[in-house]
Amino acid sequence: MGYTWIRCRRSPLFTAAVFLFSGLIALALGSLQRGLLSAQSHYDEIYRQIRVACTVTNLTGEQSNYLNIPPRIHALFTEGTGSGPDGLADLLGDVQIKGALQFSWEGREFTLAGVTALQADPNLWPENGCAIFWNEGAGDWVFAGKELKCLVSEELMKELRDREFPKDSFAIHLEAGDLWGREYDVELEIAGTYAGEAEKTIYCPWEAYLEICQNAMRGAIADSLSATLKDNGDLERLRERAGQWFAVPDARLSGVYESEGFYLALDINDAWLEKAQQDLKNSMAVNRIAAASIFALSACAGAVVGFLTIRSRKHEIALLRTLGTTNRGIYGSYAMEQALCVVSGIAAGGAVFRWQPPYQLCLFAVFYLAGLSVMLWIYLRKNLLTVMREEE
């Protein structure tokens, strides 16, 4: 080791160049690793924030309303009935369901709509021009419960006041159907009013709607149904379970009522999630290409250093062979000299990033010494007489 250090000191510029090159490579590899970790962290954050929306549609995926979704389907999305190995409730949250049935009031047709939240019907969205005025003690939470409460239009409320109907409740009478359903009366407490387009729609909680349908012996048909995935990591589990109940939306199925036993599809909107995954894959691919380029450069640099070493030390090599030093001994001494410079450069440059990633730093040293070894091996294959002639 002492003799190796003395030889390094004989060529300070050469030694400093190898040291500096090694340090810069260590910095480059550390920077690439830091960038990759940053991309991974950014992806994880985006991955958690992206909402994967799942919407029940027709087979083409073009219609998501007025679908006549039967109870056996919408029950899959609700807690209790939808829990279990075949249900979807444990994977999905923010479930938005809307169902509707028709009834007559004062000789006019009205709609009773059961919703799980205001978001379940676009007609109740503020961006669509709807304004909601809650009575004291009421709010959006009304639709999350089971109480027999309702939301009526401002026009209907004005009519109730003008005609001296009860101002705090609304009575609904359901006629018996020809094939199913029985006559049923229910009184809903008015929790508030709304000003919007759906003037002849009475909104009540979804659970209350289910109770009314059950008492009236009517099927609780849902018009629309959507939800969001709770954990994006369960996306494949959701696809597997949904495949038992839904088709995959396909525009080519236009005009087809049923496909492989399904007449409804589940549109899983994971486009943004796939984009985030693709961006991460692209970052990793660029990182791998850059690292491979650095390793190739390292091997070339090692070969160049080996060539320059041979050119500047032919006389020394010839003398060592004359004194009986084996090719292995000569190679070992020069390899040790370069390894000392490389390791020192890696130690200095890698300290900035705490010598990360260690396996790539080791690979850099291996590729560099491999290039050096190839050049030394080519030269050391020559016999002593050839080397002496070259010296002359």
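Below you will find a few notes about this structure. The numbering scheme is per chain: residues are counted from 1 as the chain's sequence reads. Local features are withheld for residues below a pLDDT of 70 in this predicted model, meaning they are given only at 70 or higher, and side-chain atom pairs are given and counted only at 80 or more; totals for whole chains, interfaces and linings count all residues. Values reported for side chains reflect all heavy atoms of the structure, with hydrogen atoms and water molecules removed beforehand.

**Considerations on the overall build of the protein**
Inclusion rule: Numbering of helices and strands runs from the N terminus; a helix is a DSSP stretch of H or I covering at least four residues, while a strand is a stretch of E covering at least two. The globule rule used for comparison is 2.2 Å times the number of residues to the exponent 0.38, while the radius of gyration itself is calculated over C-alpha atoms. Each residue is placed in one exposure class: buried if its accessible area under a 1.4 Å probe, protein chains only, is under 20% of its type's maximum, exposed if it is over 50%, and partly exposed if it falls in between.
Per the secondary structure count, the protein includes 11 helices and 10 strands. Relative to the compact-globule value of 21 Å for 392 residues, the protein shows a C-alpha radius of gyration of 38 Å, a clear excess of over 25%. The C-alpha extent of the protein, read off along each of the three principal axes, is 120 × 45 × 30 Å. Looking at the protein residue by residue over its 392 residues, the buried ones come to 43%.

**Quick notes on the pattern of salt bridges**
Think of it this way: side chains of opposite charge can pair up when their charged atoms draw near. Using the following cut-off: Within this document, salt bridges are pairs made up of a side-chain nitrogen of Lys or Arg and a carboxyl oxygen of Asp or Glu, the two lying within 4 Å of each other.
Under the counting rule described, the total for this entry stands at 12 salt bridges. Put simply, D94 and R51 hold a salt bridge, and the shortest N to O gap is 3.0 Å. Of this pair, D94 sits in strand β2 (residues 92-105) while R51 is found in the loop between α2 (12-49) and β1 (53-57), placing the two residues 43 residues apart along the sequence. Overall, R51 belongs to the exposed group, its relative accessible area being 56%. The partner of R241 in a salt bridge is D90, with the nearest N and O atoms 2.8 Å apart. Here the residue R241 occupies a position in helix α6 (residues 235-242), and D90 occupies one in the loop between α3 (71-74) and β2, the gap between them amounting to 151 residues. Beyond isolated ion pairs, a larger network of salt bridges with shared partners links E147, K149 and E189.

**Concerning the layout of surface pockets**
Applicable threshold: Two kinds of site are reported from a 1 Å grid over the protein atoms alone, namely cavities, where a 1.4 Å probe fits but cannot get out, and pockets, open sets with protein on both sides within 12 Å along at least five of seven lines, and residues are called lining when an atom falls within 4 Å of a point. Grid points are joined across faces, edges and corners, and a volume is the space filled by probe spheres set on the points. Under this grouping Gly is polar, as are all residues other than the nonpolar Ala, Val, Leu, Ile, Met, Phe, Trp, Tyr, Cys and Pro and the charged Asp, Glu, Lys and Arg.
Considering only enclosed or pocket space, the second largest pocket measures out at about 200 Å³ in volume. Residue lining of the second largest pocket: 13 residues in total, with S64, A120, P122, S224 and S226 positioned closest to the centre. Those elements giving two or more residues to the lining of the second largest pocket turn out to be β2 and β9 (222-229). The element that contributes the greatest number of residues to the lining of the second largest pocket is β9, accounting for 3 residues. Grouping the constituent residues of the lining of the second largest pocket by class yields 4 nonpolar, 7 polar and 2 charged.

**Describing the packing of helix α9 (residues 327-350) against helix α10 (residues 358-380)**
Counted only if it meets this: Note on geometry: axes are lines fitted to C-alpha atoms, helical ones only across the stretch in contact, with angles between N-to-C directions running from 0 to 180 degrees. Working rule for angles: under 35 degrees goes down as roughly parallel, over 145 as roughly antiparallel, 65 to 115 as roughly perpendicular, anything else as oblique. Helix crossings get a hand from a simple test, with the near helix turned counterclockwise from the far one by less than a right angle marking a left-handed crossing and a clockwise turn marking a right-handed one. Should any heavy atoms of two residues lie within 4.5 Å, those residues are counted as being in contact.
Running from N to C, α9 and α10 cross one another at 150°; their axes reach a closest spacing of 10 Å. With respect to each other, α9 and α10 are oriented roughly antiparallel. Of the two elements, α9 crosses α10, and the hand of that crossing is right-handed. Contacts between α9 and α10 involve N327, I330, Y331, Y334, A335, Q338, A339, V342 and I346 from the former and L361, F364, A365, Y368, L369, L372, S373, L376 and L380 from the latter.

**Examining the environment of S259**
Along the chain, the position of S259 falls in the loop between α6 and β10 (265-269). Sequence separation between S259 and E337 is 78 residues; the distance between their C-alpha atoms is 73 Å. Not counting residues up to four positions away in its chain, the partners in contact with S259 are L59 and L253.

**Some points on the packing of aromatic side chains**
To keep things clear, this is the line we draw: Between rings of Phe, Tyr and Trp, where Trp is taken as its six-membered ring, a pair exists when centres lie within 6.5 Å; planes separated by under 30 degrees are stacked, by over 60 edge-to-face, and by other angles tilted.
For the structure shown, the criterion picks out 12 aromatic pairs. Measuring from centroid to centroid gives 6.0 Å for F103 and F110, while their planes differ by 25°, and the two rings are stacked. The residues F103 and F110 share a single accessibility class, namely buried. Each member of the aromatic cluster is reached from another via a ring pair, and the members are F103, W105, F110 and F170.

**Describing the packing of helix α8 (residues 314-322) against α9**
Orientation of α8 relative to α9, taken along the N-to-C sense of each, is 140°, at an axis distance of 10 Å. With respect to α9, the element α8 is oriented oblique. Of the two possible hands of crossing, α8 and α9 adopt the one that is right-handed. The residues of α9 that touch α8, namely those facing E316, I317, L320 and R321, are N327, I330 and Y334. For the contact of α8 with α9, the class distribution of residues is 4 nonpolar, 1 polar and 2 charged.

**Description of a negative patch on the surface**
Quick reminder of the rule: Each patch is assembled from residues with relative accessible area greater than 30% and no salt bridge, linking like charges that lie within 9 Å and nonpolar side chains (Val, Leu, Ile, Met, Phe, Trp, Tyr) that lie within 5 Å. Residue-level accessible areas treat just the shown protein chains as cover; the underlying method is Shrake-Rupley with a 1.4 Å probe. Charge convention: Lys and Arg are scored as positive, Asp and Glu as negative, and His as well as the terminal groups of each chain are ignored. For this purpose, a charge sits on NZ of Lys, CZ of Arg, CG of Asp or CD of Glu.
A cluster of like negative charges, contributed by E154, E155, E197 and E199, occupies part of the molecular surface. Relative to the helices and strands, E155 resides in helix α4 (residues 154-162). With relative accessibility at 40%, the residue E155 sits in the partly exposed group.

**Regarding α4**
Put simply, the rule is: What the arc covers is the set of directions going from the helix axis to the C-beta atoms.
Those residues of α4 not exposed but buried are L156, M157, E159 and L160. The buried side chains of α4 occupy one side of the element, clustering within an arc of 160° when seen end-on. Buried residues belonging to α4 abut β2, β3 (108-115), β5 (149-153), β6 (169-174), β7 (184-195) and β8 (201-205). Count one or two residues on from α4 and you reach E164, which has phi positive near 60°.

**Some thoughts on the state of the cysteines**
Applied cut-off: Two cysteine sulfur atoms form a disulfide, by the criterion used here, when they sit within 2.5 Å.
Applying the stated criterion across every chain, the model contains 0 disulfides. Of all cysteine sulfurs, the one in C204 lies closest to C213, which takes part in no disulfide; the gap is 8.3 Å. Counting only cysteine sulfurs, C341 is the nearest neighbor of C300, a cysteine outside any disulfide, at a range of 19 Å.

**So, the environment of L29**
Its place among the elements puts L29 in helix α2. The class of L29 is buried, set by a relative accessible area of 0%. The spatial distance from the C-alpha of L29 to the C-alpha of L320 is 38 Å, given a sequence separation of 291 residues. When neighbours within four sequence positions are excluded, L29 is seen to be in contact with I294, F295, Q356, P357, Q360, L361 and F364.

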